[in-house]
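Next come the chains, spelled out residue by residue.
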Amino acid sequence: MPQGSDNSKRLSELRMKHGRPPASPSEPTAERTETLREAQPRFRGLESGHRACQGCGEALAARLVMESAGPDVMVANATGCLEVFTTPWPQSAWRVPWIHSLFENSAAVASGMESAMKAKGKNTKVLSFGGDGGTYDIGFQALSGMLERHHNVLYVTYDNEAYMNTGIQRSSSTPHAATTTTSPAGKERMGKRHLKKDLLSIIAAHHIPYAASASVAYPADLQRKVRYAMGVEGPTFLVIHSPCPLGWRHDSALTIEVARRAVQCGLFPLVELDRGALTNIMPIREPRPVSDYLELQGRFSHLFNKKDYRAQEELDHLQALADHNIEIYGLRGEGVDPVDTTGMSHVKRGGPLAGRN
Amino acid sequence: MREALEGSQAIARAVALAKPDVVAAYPITPQTHIVENISKLVADGNLHTEFVSVESEFSAASVVLGAAAAGARAYTASASQGVMLMSEVMFNIAGLRVPLVMTIANRAVGGPLSIWNDQSDSMAVRDSGWIQLHCISNQEAVDTTLQAFRIAQETDLPVAVCMDGFVLTHTMEVIDLPDQETVDAFLPEFEFARALDPAAPKSMGTLVDPNYFPEVRHSHHAAMGKALAKIEEIDAEFEKVTGRASGGLLTVEGPKKAKVGIIGMGSVVGTMMAGREHYKKEIGDARIIKLRSYRPFPAKALRDAVKGLDKLVVIDRAISPGLGGVLGTEVSAVLSTLTKAPKVYNYALGLGGRDIPETTYRDLLQTIEDKDAPRFAVLDADLDKLPPEDR
Amino acid sequence: MIEYRIHGRGGQGSVAAAYLLAAAAFEAGFTCQAFPAFGAERRGAPVMAFVRIDEKPITLRSQVREPDYLIVQDDTLLLDPNLASGLKPGGAMLVNSRKPADAFAANFGGRIVTFAATDLANKIIGRPIPNTALLAAFLALSEHVPQDALAAALKGRFKGAVLEKNLDLIAEAAKAVEAGAWKETADA
């Protein structure tokens, strides 16, 4: 991108090409003949060549987010996998302005960036990215502050349910009974003792304009939620379930299938909240038992040890958690979905499953 | 018992031997294997402790503060950014004179982000009022950890045991772990006279106005001074029961008639010792001083250790931008009272984990032969990597 | 003191190989030191690990720049002609590869032995992790450390069926190379 005086012209070009509204009435609107390619806005805000593991759910989620967010954004990114694998000096995979400060402060840094935009009368959207560690735990205070002050920031958390970048240690987002390196299963423990923190309820209590959960297994749904949030003036929040083949111990070809089963069994409900009130859910037509989801992942393998009476107890507990989600969010959908644009009820994507059967 | 162990694994076992009541854990590279190994011991029933997985280092330090204040033996570990995040709490713990132990797995403080070893994290908190001990090897780190629990409760001061991240934490070597009986005999039950106790209620951390504050700080400084003798005494006791000393306040090696000395802290001193063996015939035989106790600073012992030297190379594993070296500046200050102090050459090496090769011994001695040798430099910086205006 | 450098890709067990070599040396009565060159590693990224073995305590902490031996766990790494830089004159390299040794001789001096460790590992333990097989072959070639020391080191780290299969694997691997072919380097 050329330096110097032509930045604003280039920015207008990019905005027209990728569907963002013009910045001011005097800016020309698009007059273009679209190629098929251009008709599908796919802005490569996150470029390929980064160093993520094979099958990384977070890399996929970030790419989908950036495609929908478009070029007129700036990103504050917490320490974690995404930050580390996208910016090995002297290279960067980001095609948008991007800053990494610390682990606990991306929401606070984003608040500052947004304040600068307000002060200068610009409307470049600020995005704040963090993993579950940087959001549920160490960055929680900064996030709450940002939401309370009503900054116009879209906060996206890539939830791979542990501190993956430092070697798979538990976070408060780690599901109950999952093995991590700091909540290992053993003679006196069955993995993480505590429940997965219900972050969305806490976000709901901040009564922000929009909050939602999404999953890499439902990319169209994810991108719709991003585009919606981008158009909201005020704080918005998105938590994206992002399987980690290394940390969850599943075949790297199964990332999407694992994510899909999490949604289909009720352990990761896809919901939307407007000022704290539930306004939309993705229905589960045929709920799967939680074991269908858990059995794909090595981090739950101790729950399938028939010789251990505790294993069945924990399976029952997790099933109860899933059933509870289905009930309180009203996730049961009856019959075939007339608007089943993703064809989930009928199509099995990706061919036969690699690895476990 | 002698075993081949990864450094972090050995530290976890040492901590378990000390039977802590409360362990607070927040992961940060390169300390992660320590807390992971401790949680494995807990999960398998080999260590019974309250293992608290906190949500940030700020809370890790706060949890151990609360635990120790309430009369429990408490431990945590951190590095780099984590030490910086908990630094406010570290000043608080020391200022309140609460005894506890922390491992600092030395790692560079960003920005920019670095996960590799230098000592800028422990340097950044040198004024917090903690006792700070540095270890040259994993054996020393294990032994010093065990001693630290006793030093802490006998001085009412928190102790940071510093070990170079990756270089020690992720290195497997032969380590002799004492058995439980030996440790039980060496380390008595945790005692803290001022612990929070309904039977003898005390208020801790009150507001202190200018009528009393200088006295508080003076007594802290005096306690650190008294800790010098304690550190030596406890090392001597440890040597009695295990046959191994950790170096007390500092150790000195090399020919009595040496004119050149090299001083440093941590694993780099081991590399200097190896370099000395390899290159002494070629370039000369220097005195090697290993500084173990950084706070309290052993001023008298250092002045004795440099007797007869014309030149002293001080290796820094951190810098203070705009001043130069940190250890080097302090050594110069402490030696300034000598009538014939050696000329100090202060060089920062291995910042952000750059490898320090065996040839460094030879290169250092060669550098200071030049009468125009710089008195401070980041010696291994390759200025060709920088544009001319940044050199 | 003997120094080794192990090259591999993240996920192939190169760091575990270094620790196992050190543990085996300890079982054989030596002092040892083993550590990785740490990066923000991801599966598939090149990794290095270092090992030192001696009869007295080892104080040196730098990375191994002039190894006596190289173990290369992934032959695609040899596309980088600088991979073997620093190998001492007379040093030797063991490469995990199906190709014969002269496929690599063009770019590398010193003695080279190739051995299809991944294939053997797949056959015996059912997983493509070549590290234990390579170590066994290496120890057979150099004879610094006896095979039963490696077996003892494995027993300290694995149990049950995984241990049994790995013990079978190392026995097979040791037979796949010429025993003692590198022995004279050990005395250098």
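Residues numbered from 1 in each chain as written. Chains lettered and ligands numbered in written order. Predicted model: local features only at pLDDT ≥ 70, side-chain atom pairs only at ≥ 80, totals over all residues.

A. Layout of the overall build of chain A. Helix and strand content of chain A: 13 helices and ten strands. The buried share of chain A, taken over its 357 residues, is 49%. In chain A, of all internal contacts separated by at least 6 residues, the share reaching a separation of at least 24 is 69%. (Helix = DSSP H or I, 4+ residues; strand = E, 2+ residues; numbered from the N terminus. Buried ≥ 20, exposed ≤ 12 C-beta atoms within 10 Å, placed from the backbone. Contact = placed C-beta atoms within 7 Å.)

B. The overall build of chain C, seen in detail. Helix and strand counts for chain C come out as seven helices and six strands. Mapped in sequence order, the helices and strands of chain C form the string β-α-β-β-β-β-α-β-α-α-α-α-α. For 188 residues, the compact-globule estimate of 2.2 N^0.38 gives 16 Å, and chain C sits close to it at 15 Å. (Rg over C-alpha atoms; globule rule 2.2 N^0.38 Å.)

C. Structural detail: the interface of chain A and chain C. Taken together, the seven residues of chain A in the interface contact five residues of chain C. Classifying every residue of the side of chain A that touches chain C by side-chain character gives five nonpolar, one polar and one charged. (Nonpolar A, V, L, I, M, F, W, Y, C, P; charged D, E, K, R; others polar.)

D. Just the sheet that holds strand β1 (residues 2–9) of chain C, in detail. The strand order across the open sheet built from eight strands is β1(B)-β8(B)-β2(C)-β3(C)-β1(C)-β4(C)-β5(C)-β6(C), with neighbouring strands paired in mixed fashion. This sheet does not close on itself; its edge strands, each paired only once, are β1 (2–6) of chain B together with β6 (111–115) of chain C. On average, each strand axis in the sheet is tilted by 20° relative to the strand beside it, whichever way the strands run. Of the pairings in the sheet, the one linking β1 of chain C to strand β3 (residues 46–54) of chain C comprises eight bridges and is antiparallel in character. Note that in β3 of chain C the partner of tyrosine 4 of chain C across the bridge is valine 51 of chain C. Contacts between helix α1 (residues 14–27) of chain C and the sheet are confined to β1 and β8 (172–176) of chain B together with β1, β2 (31–37), β3 and β4 (69–72) of chain C, with β3 of chain C contributing the most and set at about 10° to the helix. The sheet strands contacting helix α4 (residues 131–142) of chain C are β4, β5 (92–96) and β6 of chain C, and the helix crosses β5 of chain C at an angle near 150°. (Pairing = 2+ DSSP bridges. Axes fitted to C-alpha atoms, helices over the stretch in contact; angles between N-to-C directions.)

E. Quick look at helix α11 (residues 255–265) of chain A. Residues and elements named next belong to chain A. In terms of burial, α11 is largely enclosed, as ten of its eleven residues are buried. Those residues of α11 that fall on the buried side of the exposure criterion are Thr255, Glu257, Val258, Ala259, Arg260, Arg261, Ala262, Val263, Gln264 and Cys265. Where α11 is buried, its residues meet α3 (57–69), β7 (210–215), β8 (236–241), α10 (245–248), α12 (290–294) and α13 (309–329). Of the residues flanking the end of α11, it is glycine 266, one or two places downstream, whose phi is positive at about 95°.

F. Seen up close, the interface of chain B and chain A. At the junction of the two partners, chain B supplies 18 residues and chain A supplies 22 residues. Looking at the side of chain B that touches chain A, the elements that each hand over two or more residues are α2 (32–43) and α4 (80–85) of chain B. The element contributing the most residues to the side of chain B that touches chain A is α2 of chain B, with six residues. Along the lines of polarity and charge, the residues of the side of chain B that touches chain A split into seven nonpolar, seven polar and four charged.

G. Summary view of the sheet that holds strand β12 (residues 293–295) of chain B. Residue and element names in this part refer to chain B. Spatially, β3-β2-β4-β5-β7-β6-β12 is the arrangement adopted by the seven strands of the open sheet, whose pairing is mixed. The sheet is open, and its two edges are formed by β3 (50–53) and β12, each paired on a single side. On average, each strand axis in the sheet is tilted by 20° relative to the strand beside it, whichever way the strands run. With four bridges connecting them, strand β4 (residues 74–78) and strand β5 (residues 101–106) associate as parallel partners. Each bridged residue has a counterpart across the sheet, and for tyrosine 75 the counterpart in β5 is valine 101. Sheet contacts for helix α3 (residues 57–69): β2 (22–25), β3 and β4; angle to β4, the most-contacted strand, approximately 165°.

H. Quick look at the packing of helix α1 (residues 7–17) of chain B against helix α7 (residues 138–155) of chain B. All names here are of chain B. Put simply, α1 and α7 touch, their axes get as near as 9 Å, and they point 20° apart. Between α1 and α7, the crossing angle belongs to the class labelled roughly parallel. As α1 runs across α7, the sense of the crossing is right-handed. Listed contacts from α7 to Gly7, Ala10, Ile11, Ala14, Val15 and Leu17 of α1 are Asn138, Ala141, Val142, Thr145 and Leu146. Here the contact of α1 with α7 is built from residues that sort into eight nonpolar, three polar and no charged. (Parallel < 35°, antiparallel > 145°, perpendicular 65-115°, else oblique. Left-handed = near helix turned anticlockwise from the far one by under 90°.)

I. Broad picture of the pairing of β3 of chain B. All names here are of chain B. Residue alternation in β3 divides its side chains into a buried set, Phe51 and Ser53, and an unburied set, Glu50 and Val52. Of the pairings in the sheet, the one linking β2 to β3 comprises four bridges and is parallel in character. Paired with alanine 24 across the bridge in β3 is valine 52. In this fold, the crossover linking β2 to β3 by way of α2 has right-handed handedness. (Right-handed = clockwise from strand over helix to strand, strands pointing away.)

J. Spatial organisation of unusual backbone geometry. Cis geometry marks the peptide bond from glycine 110 of chain B to glycine 111 of chain B; its omega dihedral reads 10°. Along the chain, glycine 111 of chain B falls in the loop between β5 and α6 (120–124). Cis rather than trans, the peptide bond between arginine 295 of chain B and proline 296 of chain B has omega equal to -5°. Relative to the helices and strands, proline 296 of chain B is located in the loop between β12 and α11 (299–305). Phi is positive for glutamate 161 of chain A, close to 65°, though the residue is something other than glycine. Looking at the element boundaries, glutamate 161 of chain A is found in the loop between β4 (153–159) and β5 (185–186). Since 29 C-beta atoms lie within 10 Å of it, glutamate 161 of chain A is described here as buried.

K. Region of interest: the nonpolar core. With 281 residues, the main nonpolar core has Ile38 and Val64 of chain B together with Ala22 of chain C as its most contacted residues. In terms of residue count, the dominant contributor to this core is α1 of chain C (eleven residues). Both domains that meet at this core, namely domain 1 (2–242) and domain 2 (250–390) of chain B, each give it at least three residues. Beyond its immediate chain neighbours, meaning those up to four positions away, alanine 22 of chain C contacts Ala4 and Met172 of chain B together with Cys32, Gln33, Ala34 and Val51 of chain C. (Core = buried A, V, L, I, M, F, W, Y, C linked by C-beta atoms within 7 Å. Domains from an automatic or database assignment.)

L. Just the confidence of the model for chain C, in detail. The share of residues in chain C with pLDDT of 70 or more is 96%, and the mean pLDDT across the chain is 91. Listed scores for the predicted complex are pTM 0.86 and ipTM 0.90. (pLDDT = per-residue confidence, 0-100.)

M. Layout of the confidence of the model for chain A. With 85% of its residues at a pLDDT of 70 or more, chain A shows a mean pLDDT of 88. The low-confidence segment residues 343–357 of chain A (pLDDT under 50) makes 15 contacts with residues lying over four places distant or belonging to another chain.

N. Representation of the pairing of β8 of chain A. Residue and element names in this part refer to chain A. With six of six residues buried, β8 is to be regarded as a mostly interior element. By the alternation rule, side chains of β8 split into Thr236, Leu238 and Ile240 and Phe237, Val239 and His241, which are all buried. Pairing geometry for β7 and β8, over six bridges, is parallel. Bridge pairing in β8 places tyrosine 210 opposite threonine 236. Taken together, β7, helix α9 (residues 219–230) and β8 form a β-α-β motif whose crossover is right-handed.

O. Main features of the environment of leucine 83 of chain C. Residues and elements named next belong to chain C. Looking at where leucine 83 falls in the secondary structure, it is placed in the loop between β4 and β5. Judged by the 19 C-beta atoms lying within 10 Å of it, leucine 83 is partly exposed. Apart from residues no more than four positions distant in its own chain, leucine 83 is found in contact with His7, Leu77 and Leu78.

P. A look at the environment of tryptophan 94 of chain A. Residue and element names in this part refer to chain A. Structurally, tryptophan 94 is set in the loop between α4 (81–86) and β2 (98–100). Residue tryptophan 94 is classed as partly exposed on the basis of its C-beta count, with 18 C-beta atoms lying within 10 Å. Not counting chain neighbours up to four residues away, the residues in contact with tryptophan 94 comprise Leu46, Val75 and Thr86.

Q. The packing of helix α5 (residues 106–120) of chain A against helix α7 (residues 140–148) of chain A, seen in detail. Residues and elements named next belong to chain A. Put simply, α5 and α7 touch, their axes get as near as 7 Å, and they point 35° apart. For the pair α5 and α7, contact is made by Ala107, Ala108, Ala110 and Ser111 and by Ala142, Leu143, Gly145 and Met146, respectively. Looking at the contact of α5 with α7, its residues break down into six nonpolar, two polar and no charged.

R. Spatial organisation of the environment of lysine 259 of chain B. If you trace the backbone, lysine 259 of chain B turns up in the loop between β9 (250–253) and β10 (260–264). If sequence neighbours within four positions are ignored, lysine 259 of chain B has contacts with Leu309, Asp310 and Lys311 of chain B.

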